[in-house]
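Notes for the structure review
The primary structure of each chain is shown beneath.
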Amino acid sequence: MTTTRTLGRSGIEVSAIGMGCWAIGGPLWGDGGQPFGWGEVDDDESIRTIHRALDLGVTLFDTASNYGAGHSERVLGRALAGRRSAAVIATKFGNVSDEDTRRALGTDASATFAVRSLEDSLRRLGTDYVDLYQLHLNDLPASAALDLVDTLEGLVDQGKIRSYGWSTDDPASAQAFAAAGPHCAAIQHDESVLNDNAAVLAVCDRHDLASLNRGPLAMGLLTGSTRTLGADDVRGRTPEWLQWFTDGRPTPEWAARVEQVRAALTADGRTLAQGALGWLLARSPRTVPIPGLRTVAQADENLATLTLAPLPPSAYTEVETLLTDLRRSS
């Protein structure tokens, strides 16, 4: 299969599957002890995982300024030392956190913060440019996002970023931002076999953008794991926006959906995760799934999908038939 895709109208070539770097950031805490990370991490294993991903052909690494209050960026920078030219780095801005206390401190959608956050990200990443700089505030009014376009274009002109995008699930917002921003290259949005956002994909088609798929494995639900998650894991004390898990266990309704499609996704010998990623690659030539990886074993399993074809048409059709009611309601 083709193992690369194009990052929208930027023309930047990336691996057809990237590595999401939220999980390697470690803890981040919100008000009332709400966890916004994935629990404690082993930085050495994280670095081995990034190196394994590179060896398996991954070039796109997606992180954010607030993943572990900057820890994810620092670990990624360490791992890419001496190998920066082999990687396409995507990071995000808009969420404020304290590096020392690992506390989430709210949001800032100002142009001034966008510039300052980039400088901090460049420092942590150990690089002088970012390939894709993404607004990280999903529900920000489009008018506020449009106020950032001139600043982002200026950062492109300065060579500090090569392109930019927005992590949003709202098609109208994506449409407005893409139309206004000459160097807007991607929309990052929730996209998986369980949650297809056809409207955002249509915007990507209309404006020649990449569709970066966060949550491609439904935050672990589509790996088939049934273990109970700890209280320091975002899935263990579930925030309102997270539908896949309840108190550290798969939400029964969604676990049942997974069982509906398991046979179709694994019919040709793939694992469940490989089938879910294969569905995304079959969904559109613009999709670039970015599953979170925190161990070498996860990299080996998920990135083996790069050597497989997208999910076969017959299996893809069967999945859509099995999920007809879900598709109609979404």
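You'll find the structure just up there.
The numbers attached to residues start from 1 for each chain and follow its sequence in the written order. For a predicted model such as this one, the threshold for reporting local features is a pLDDT of at least 70, and the threshold for listing and counting side-chain atom pairs is 80 or more; totals across whole chains, interfaces and linings nevertheless cover every residue. As a rule here, side-chain values come from all non-hydrogen atoms in the structure, and water together with hydrogens is ignored.

A separate point is the overall build of the protein. A tally of helices and strands in the protein yields 12 helices and 14 strands. Note on method: radius of gyration uses C-alpha positions; expected globular size equals 2.2 Å times residues raised to 0.38. For 330 residues, the compact-globule formula gives about 20 Å, and the C-alpha radius of gyration of the protein, at 18 Å, lands near that figure. Referenced to the eigenvectors of the C-alpha coordinate spread, the extents of the protein come out at roughly 50 × 40 × 40 Å. Burial analysis of the protein (330 residues in total) assigns 54% to the buried set. The contact rule is simple, with two residues in contact once any of their heavy atoms fall within 4.5 Å. Considering only residue pairs separated by 6 or more positions, the protein has 72% of its internal contacts joining residues 24 or more positions apart. The secondary structure listing takes helices from DSSP runs of H or I that are at least 4 residues long and strands from runs of E that are at least 2 residues long, numbered from the N terminus. Note on exposure labels: buried denotes an accessible area under 20% of the residue type's maximum, exposed denotes more than 50%, and partly exposed covers the range between, all computed with a 1.4 Å probe on protein chains only.

Turning next to the pairing of strand E11 (residues 210–214). With respect to burial, E11 is a largely interior element, five of its five residues being buried. Any two strands with at least two DSSP-identified bridges between them are counted as paired. As defined by bridge partners, strand E10 (residues 184–190) adjoins E11 across five bridges and the pair is classed as parallel. Paired with Asp190 across the strands is Arg214, a residue of E11. The parallel pair E10 and E11, bridged by helix H7 (residues 198–207), forms a crossover whose chirality is right-handed. Two elements, E11 and strand E14 (residues 287–289), share three bridges in a ladder whose sense is parallel. Looking across to E14, one finds that Ser211 is bridged to Thr287. The handedness rule is simple: strands pointing away from the viewer, and a clockwise path from the first strand over the helix to the second, make the crossover right-handed.

Inspection of the secondary structure puts Ser15 in strand E2 (residues 13–15). Look at Ser15 and you get buried, because its relative accessible area is 1%. For this analysis, a polar contact is any N or O atom pair within 3.5 Å, provided that within protein one partner can donate a hydrogen and the other can accept it, and provided that sequence-adjacent residues contribute only side-chain to side-chain pairs. A distance of 2.7 Å separates the side chain of Ser15 from the backbone oxygen of Ile17, its partner in a polar contact. A polar atom in the side chain of Ser15 sits 3.5 Å from the backbone nitrogen of Leu60. Those residues in contact with Ser15, other than ones at most four positions away along the chain, are Thr3, Thr4, Arg5, Gly57, Val58, Thr59, Leu60 and Val288.

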